[in-house]
Amino acid sequence: MPVELTILAWGMVLLLVHIFAAAHVKTKQYGTKWNMGARDESLPPMNALAGRLSRAEANFRETLPIAIVALIGVVVAGRASEWTALGGWIWLSARVAYLPLYALGVPVVRSIIFLASIAGLLIALWPLLPF
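Let me begin by describing the structure that accompanies this report. (Residues numbered from 1 in each chain as written. Predicted model: local features only at pLDDT ≥ 70, side-chain atom pairs only at ≥ 80, totals over all residues. Heavy atoms only, no water.)

1. Overview of the packing of helix α3 (residues 48-76) against helix α5 (residues 108-125)
Rule in force here: Interaxial angle, 0 to 180 degrees, is taken between N-to-C directions of lines fitted to C-alpha atoms, where a helix line uses only the stretch in contact. Think of it this way: any DSSP run of H or I at least four residues long counts as a helix, any run of E at least two long counts as a strand, and we number them from the N terminus. Geometric relationships in this document are graded by angle, where less than 35 degrees denotes roughly parallel, more than 145 denotes roughly antiparallel, 65 to 115 denotes roughly perpendicular, and other angles denote oblique. Crossing chirality is assigned from the near helix's rotation relative to the far helix, an anticlockwise turn below a right angle marking it left-handed and a clockwise turn marking it right-handed. We call two residues in contact when some of their heavy atoms are within 4.5 Å. Residues were grouped as follows: Ala, Val, Leu, Ile, Met, Phe, Trp, Tyr, Cys and Pro as nonpolar; Asp, Glu, Lys and Arg as charged; and all remaining residues, including Gly, as polar.
Taken N-terminus to C-terminus, the directions of α3 and α5 make an angle of 25°; their axes are 8 Å apart at the nearest point. For the element pair α3 / α5, the angle class is roughly parallel. The two elements α3 and α5 meet at a crossing, and its hand is left-handed. Contacts between α3 and α5 involve Asn59, Thr63, Ile66, Ala67, Ala70, Leu71 and Val74 from the former and Phe114, Ile118, Leu121, Ala124 and Leu125 from the latter. Its residues assigned to classes, the contact of α3 with α5 shows 10 nonpolar, 2 polar and no charged.

2. Side note on the packing of aromatic side chains
Spelled out, the test is: When the centres of two rings from Phe, Tyr and Trp lie within 6.5 Å, Trp using its six-membered ring, the rings pair. Their planes under 30 degrees apart give stacked, over 60 give edge-to-face, and anything left gives tilted. Partly exposed residues are those whose accessible area sits between 20% and 50% of the maximum for their type, while under 20% is buried and over 50% is exposed, using a 1.4 Å probe and protein chains only. Working rule: Lys NZ or Arg CZ, within 6 Å of ring centre, within 35 degrees of ring normal, means a charge sits over the ring.
Applying the stated criterion to the full structure yields 5 aromatic pairs. An angle of 50° between the planes, with centres 6.1 Å apart, marks the rings of Tyr98 and Phe114 as tilted. Of this pair, Tyr98 sits in helix α4 (residues 82-104) while Phe114 sits in helix α5, and the two are 16 residues apart along the sequence. By relative accessible area, Tyr98 is classed as buried at 4%. A relative accessible area of 23% means that Phe114 is categorised as partly exposed. Ring geometry for Trp126 and Phe131: centres 4.8 Å apart, planes at 20°, overall stacked. You can call Phe131 exposed: its relative accessible area is 76%. The ring of Tyr102 is capped by Arg110, whose NZ or CZ atom sits 4.1 Å from the centre of that ring.

Keep in mind these numbers describe shape, not what the thing actually does.
This is the structure we're talking about:
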């Protein structure tokens, strides 16, 4: 199996970690009744940790489609290489590091790690661009 697909599989595991981390902290704040209900009621603002985990999840979901297109795309197009694998691993590693940094509220390093993840995506996506 191409390594790019393995990277994506781990990316999906990371998505689940994002979803459950944010949900767990929100449930601790709002209660299990809220979690199991329709969630229609107005609620007070999320606490700082819940807010950061929710924003980290949203950020991951914004860039995940790019990773999916890049990593599946190079496999389908027969353009996978050591470079696309490296780009994928950079993306995934940076995204793994990003979550705890965001949860802890670390400002500048978190942004640098985010940029590293974007660089990894661009490395993986590059072979699909018509240059």
